There are 2 protein chains.
Amino acid sequence: MKFEIVRDELLDALNDVMKAISSKVAIPILTGIKIEVNENGMSMTGSDSDITIRTFIPVERDGKELIKISEQGSIVLQARVFSEIIRKLPTNEVKINVTDGLLTLIHSGKSEFKLIGSNPDEYPILPEVKDEHSFSLPADLMKSIIRETVFAVSQQETRPILTGVHWTVEEGKLSCVATDSHRLARKLASPENMPTIPFSFVIPGKSLQELNKILPDSDSPVKIIIAEQQVLFKTDHVLFYSRLLEGNYPDTSRLIPTESKTSVTVNGRALLQSIDRASLLAKEDRNNIVRFSTEDKMIEISSNSPEIGKVEELVEAIQITGEELKISFSAKYMMDALRAIDGQDIEIQFTGAMRPFILKSADDDSILQLILPVRTY
Amino acid sequence: MKFEIVRDELLDALNDVMKAISSKVAIPILTGIKIEVNENGMSMTGSDSDITIRTFIPVERDGKELIKISEQGSIVLQARVFSEIIRKLPTNEVKINVTDGLLTLIHSGKSEFKLIGSNPDEYPILPEVKDEHSFSLPADLMKSIIRETVFAVSQQETRPILTGVHWTVEEGKLSCVATDSHRLARKLASPENMPTIPFSFVIPGKSLQELNKILPDSDSPVKIIIAEQQVLFKTDHVLFYSRLLEGNYPDTSRLIPTESKTSVTVNGRALLQSIDRASLLAKEDRNNIVRFSTEDKMIEISSNSPEIGKVEELVEAIQITGEELKISFSAKYMMDALRAIDGQDIEIQFTGAMRPFILKSADDDSILQLILPVRTY
């Protein structure tokens, strides 16, 4: 293998592949990146067994030559060292040359690295993803879906299925739900050209977080291909594989109340900032519980730490209808939910101090956040 | 105590005081900040016993009223909670009011905090610094001195005196030296109006690092007042106290070679980047040793890790005179020294592969860096 490549292109692709590299892997070769060069270009693969990322740099793009290939081939190089070397090279031209066996020369300017590579034949082959179901979403919609749901997955391995986000395709619509059994986040979308056959799958939260870092902020399409145990997200130059979680995701639809006794409309950002301040004292007691009570058109947010002091503040509501209410909840869950809905006017629907309540945007039903209260009053 | 203050002014001063706050303090009241208000303005004091920082906000500045005082007084408030509250308040107007005993009301907009304060009489009194010796330096010179020396102090408590920087005033000149016994950094300065009586003192490296964060990037004067066990740095609105280290600082002047066998002049940044790259492999072996050898007008930098590979690169020297040389040293020490001299043309003077060598700017004698080599050739 022998080729010349533009450093910046290599570095961009490498930054994507590095998202799959973990220092804690069971198979030593997975601390490496597999590099393959053929007549079309260069591809790099990184994996931690759960996630596999493969990037591709074409020989030329928009008439500009990116790679000059003298000899095709493949090698595996230590991921961390290789990416640091590429980042710090003195010029934008890099020559990579596998000479004697596995010894790999990296040349740039007056700098020459000789890295001891590993045998590419020992690198695990890519998971085969049989196209059982597939559809496409714009990258920016994918990123919204992830941002609005993934924070609510469970951080505990006691019920592994809850560490993932449950995606359901039904009647040409998409529903994405995450819950840690104390709160729930749901995003609905009606993308174009969805399959009509219903199916569902659970993607690990961690995979979605890494995918979110790689996807562009544009509406370029991401093709999603689902097989029995794997999902593949495919963009122009990146393949992102993740294992799927096995097991039955609980039916969450019955948790969501359909009626309400108190309904509060309020500016989301004002409420978020108020709860953020109240949580300054709540955090000190480690429970991080704040109180919320309605009175006329005002919301009172308060919290209390016996050792440090207390805080009370008023937030003006846009509208409050129904019964007066006093309720307590986790400041963290509330702030996560408000951040997901992001600054718009928010409608909160309560069915009593001990019943789950829901938050949504006042003028958009696609995001729903549900939170279980805490008994304190 | 009752007053109104502009939030941004309070926050700036608070950020300075917070530099002295540590979560590991022996005296519980030192987790608090002492607030005092008198007819001139408001002062705040924070301390971790080693460092004490006191800031002052005047009642008015440049004709603009900063504080409206209704009642003078003092209180101690939990530093971390108080500073987070001030940072997150909804408006730029803050009312602070010690009501009933130690209970302190903080009002801003529709937000009201009630903090349980501590008795200000229990707060340690400020160290008394008798003006035995004093002089002034511009703040930006102080910052250069700190940046160019403090990294070389010892991180180990085995010889506590070496964890500080040794400042000596003699014949109206200032010399600042730090060494961890493997390398040494020295900065000389000839500020105006220095005292003629010789004296010296050792300031803990940690104190200087915190001081550096507080000093402005301007030539406004910093008054330095030295007493037996304390030093006080005084700017317009900040008093920064530090304990001094006791004991005799070793005589380092004899360590510095006065002649050389090989002299190399080279662009500092080019050499720094080259060593940074070479250290990518050296780090993996944990010794972080790179080799440096001269040949005609070139410097070869190399390093070697049996498991990962090796790197060799050439750096063009501006001038090399004297004997040919092969030497090995810590990449970290070399990079620290080159960063302190900061990108200018550097002169390196060697007296053999096993003798300490010195680095200085090619056109400025004020900074000197000394490094002990490592035997590998």
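Notes on the structure follow. It should be emphasised that the depicted structure is a prediction, and the values quoted were computed from it without experimental measurement. (Residues numbered from 1 in each chain as written. Chains lettered and ligands numbered in written order. Predicted model: local features only at pLDDT ≥ 70, side-chain atom pairs only at ≥ 80, totals over all residues. Heavy atoms only, no water.)

### Focus on the sheet that holds strand E20 (residues 262–267) of chain B
All names here are of chain B. What counts here: Should DSSP find at least two bridges between two strands, the strands are regarded as paired. Strands here are runs of E lasting at least two residues and helices are runs of H or I lasting at least four, both read from the DSSP assignment and numbered beginning at the N terminus. Each axis is a line fitted through C-alpha atoms, taken for helices only over the stretch in contact, and angles between the N-to-C directions span 0 to 180 degrees. In what follows, a contact means two residues having at least one pair of non-hydrogen atoms within 4.5 Å.
Across the sheet, which stays open at both edges, the nine strands sit in the order E16-E13-E14-E15-E28-E27-E26-E20-E24 with antiparallel pairing between neighbours. The two strands at the open ends of the sheet, each matched to only one other strand, are strand E16 (199–204) and strand E24 (319–322). Here the strands of the sheet are splayed against their neighbours by 15° on average, with no regard to which way each runs. Examined bridge by bridge, E20 and E24 share four bridges and lie antiparallel to one another. Residue pairing across strands places valine 264 opposite isoleucine 320, the latter belonging to E24. Sheet strands touched by helix H5 (residues 268–282): E20 and strand E26 (345–350). Its angle to E20, the strand with the most contacts, is close to 95°.

### With respect to the packing of helix H3 (residues 139–149) of chain B against helix H4 (residues 205–214) of chain B
Residues and elements named next belong to chain B. Our working definition: Oblique is the label for every angle not falling under 35 degrees (roughly parallel), over 145 degrees (roughly antiparallel), or within 65 to 115 degrees (roughly perpendicular). In this scheme the crossing of two helices becomes right-handed for a clockwise turn of the near helix relative to the far one and left-handed for an anticlockwise turn of less than a right angle.
Relative orientation of the contacting elements H3 and H4 amounts to 140°, with a least axis distance of 10 Å. With respect to each other, H3 and H4 are oriented oblique. Both H3 and H4 take part in a crossing whose hand is left-handed. Two secondary-structure elements touch here, H3 through Met142, Lys143 and Ile146 and H4 through Leu208, Leu211 and Asn212.

### Things to note about the environment of B:Lys332
Residue and element names in this part refer to chain B. This is how it is decided: For the exposure calls, accessible area comes from a 1.4 Å probe over protein chains only, and a residue counts as buried if that area is under 20% of its type's maximum, exposed if over 50%, partly exposed in between.
Considering the arrangement of structural elements, one finds lysine 332 in helix H6 (residues 331–341). Under the relative-accessibility criterion, lysine 332 is labelled partly exposed at 42%. C-alpha separation for the pair lysine 332 and asparagine 288, spaced 44 residues apart in sequence, amounts to 7.1 Å. Sequence-distant contacts of lysine 332, that is, excluding residues within four places in its chain, are made with Arg183 and Asn288.

### Concerning the side chain of A:His166
Residue and element names in this part refer to chain A. We count it as follows: Residues adjacent in sequence count toward polar contacts only when both atoms are side-chain atoms; beyond that, a polar contact is any pair of N or O atoms within 3.5 Å, and within protein one must be able to donate a hydrogen and the other to accept it.
Note that histidine 166 resides in strand E13 (residues 164–170). The exposure class assigned to histidine 166 is buried, which follows from its relative accessible area of 15%. A polar contact is formed between the side chain of histidine 166 and the side chain of serine 200, at a distance of 3.4 Å. Excluding anything up to four places from it in sequence, histidine 166 contacts Ser175, Cys176, Val177, Ser200, Phe201, Val202 and Tyr249.

### Some words on the relation of the copies chain A and chain B
The line we're drawing: Only residues with pLDDT of at least 70 in both copies contribute their C-alpha atoms to the least-squares superposition of the copies.
Least-squares fitting of chain A to chain B yields an RMSD of 0.0 Å, with the transformation described by 0.0 Å of translation along the axis and a rotation of 180°. Each copy turns onto its partner about a two-fold axis. Residue A:Ser23, judged by its C-alpha, is the member of chain A lying nearest the rotation axis, at 16 Å. Both copies present the same face, since 100% of the interface residues in chain A are matched by interface residues at the equivalent positions in chain B.

### Digging into the nonpolar core
The condition is simple: Only buried Ala, Val, Leu, Ile, Met, Phe, Trp, Tyr and Cys residues count toward a nonpolar core, and they belong to the same one when joined by side-chain atoms within 4.5 Å.
Counting 65 residues, the largest nonpolar core has A:Phe292 and A:Ile348 as the members making the most contacts within it. Excluding anything up to four places from it in sequence, A:Ile348 contacts A:Thr262, A:Ser263, A:Val264, A:Val266, A:Leu271, A:Phe292, A:Met334, A:Phe357, A:Ile358 and A:Leu359. Residues A:Val17, B:Leu281, B:Ala317 and B:Ile327 belong to the second largest nonpolar core, which totals 64 residues.

### Let's talk about the interface of chain A and chain B
Under the convention used in this document: When two components associate, each loses some accessible surface as probed by a 1.4 Å sphere; the sum of these losses over both components is called the buried area. The term salt bridge refers to a side-chain nitrogen of Lys or Arg lying within 4 Å of a carboxyl oxygen of Asp or Glu. Just so you know the grouping, Ala, Val, Leu, Ile, Met, Phe, Trp, Tyr, Cys and Pro go in nonpolar, Asp, Glu, Lys and Arg go in charged, and all remaining residues, Gly too, go in polar.
Counting residues at the interface gives 31 residues for chain A, matched by 31 residues for chain B. At the boundary of chain A with chain B, total buried surface from both sides reaches about 2,800 Å², with 55% on carbon and sulfur atoms. Counting across the interface, chain A meets chain B through four salt bridges. A salt bridge links A:Lys88 to B:Asp276, with the shortest nitrogen-to-oxygen separation between them at 2.9 Å. Applying the counting criterion to the chain A and chain B interface returns 14 residue pairs in polar contact (both at pLDDT 80 or more). Counting residues per element, the side of chain A that touches chain B draws most heavily on strand E23 (residues 309–316) of chain A, which supplies seven residues. For the side of chain A that touches chain B, the residue count by class is 14 nonpolar, two polar and 15 charged. As defined by bridge partners, E23(A) adjoins strand E11 (residues 111–116) of chain B across five bridges and the pair is classed as antiparallel. Bridge pairing links A:Gly309 to B:Leu115 in E11(B).

### Focus: the pattern of salt bridges
Overall, the coordinates contain 46 salt bridges over all chains when judged by the stated rule. The shortest N-O distance in the salt bridge between A:Lys34 and A:Glu36 comes to 4.0 Å. Note on A:Glu36: relative accessible area 22%, which makes it partly exposed. A salt bridge links B:Asp8 to B:Arg7, with the shortest nitrogen-to-oxygen separation between them at 3.4 Å. Using a relative accessible area of 39% as the deciding quantity, one classes B:Asp8 as partly exposed.

### A word on the pairing of E11(B)
All names here are of chain B. Relative to E11, strand E10 (residues 103–108) runs antiparallel, the two sharing six bridges. When the bridges of E11 are listed, leucine 103 appears paired with isoleucine 116. The antiparallel hairpin formed by E10 and E11 contains two residues in its connecting segment, where glycine 109 sits at a positive phi of about 55°.

### Focus on the sheet that holds strand E8 (residues 73–78) of chain A
Residue and element names in this part refer to chain A. Taken together, eight strands build an open sheet; the order of strands is E8-E2-E3-E4-E19-E18-E17-E12 and the sheet is antiparallel. Edge positions in the sheet fall to E8 and strand E12 (133–138), since each of these pairs with one other strand and no more. The sheet shows a mean angle of 15° between the axes of neighbouring strands, taken without regard to direction. Each of strand E2 (32–38), strand E3 (41–47), strand E4 (51–58) and strand E19 (238–243) touches helix H1 (residues 7–18); the most contacted strand, E4, lies at about 165° to it.

### Looking at the packing of aromatic side chains
Residue and element names in this part refer to chain A. Spelled out, the test is: Any two rings among Phe, Tyr and Trp, with Trp reduced to its six-membered ring, count as a pair given centres within 6.5 Å; such a pair is stacked if its planes are under 30 degrees apart, edge-to-face if over 60, and tilted if neither.
Applying the stated rule across the entire model yields 16 aromatic pairs over all chains. Measuring from centroid to centroid gives 5.5 Å for phenylalanine 329 and phenylalanine 357, while their planes differ by 55°, and the two rings are tilted. Pair noted here: phenylalanine 329 is in strand E25 (residues 326–330) and phenylalanine 357 is in strand E27 (residues 357–361), with a separation of 28 residues, a long-range link. In this structure phenylalanine 329 comes out as buried when scored by relative accessible area, which is 0%. The class for phenylalanine 357 is buried, based on a relative accessible area of 0%.

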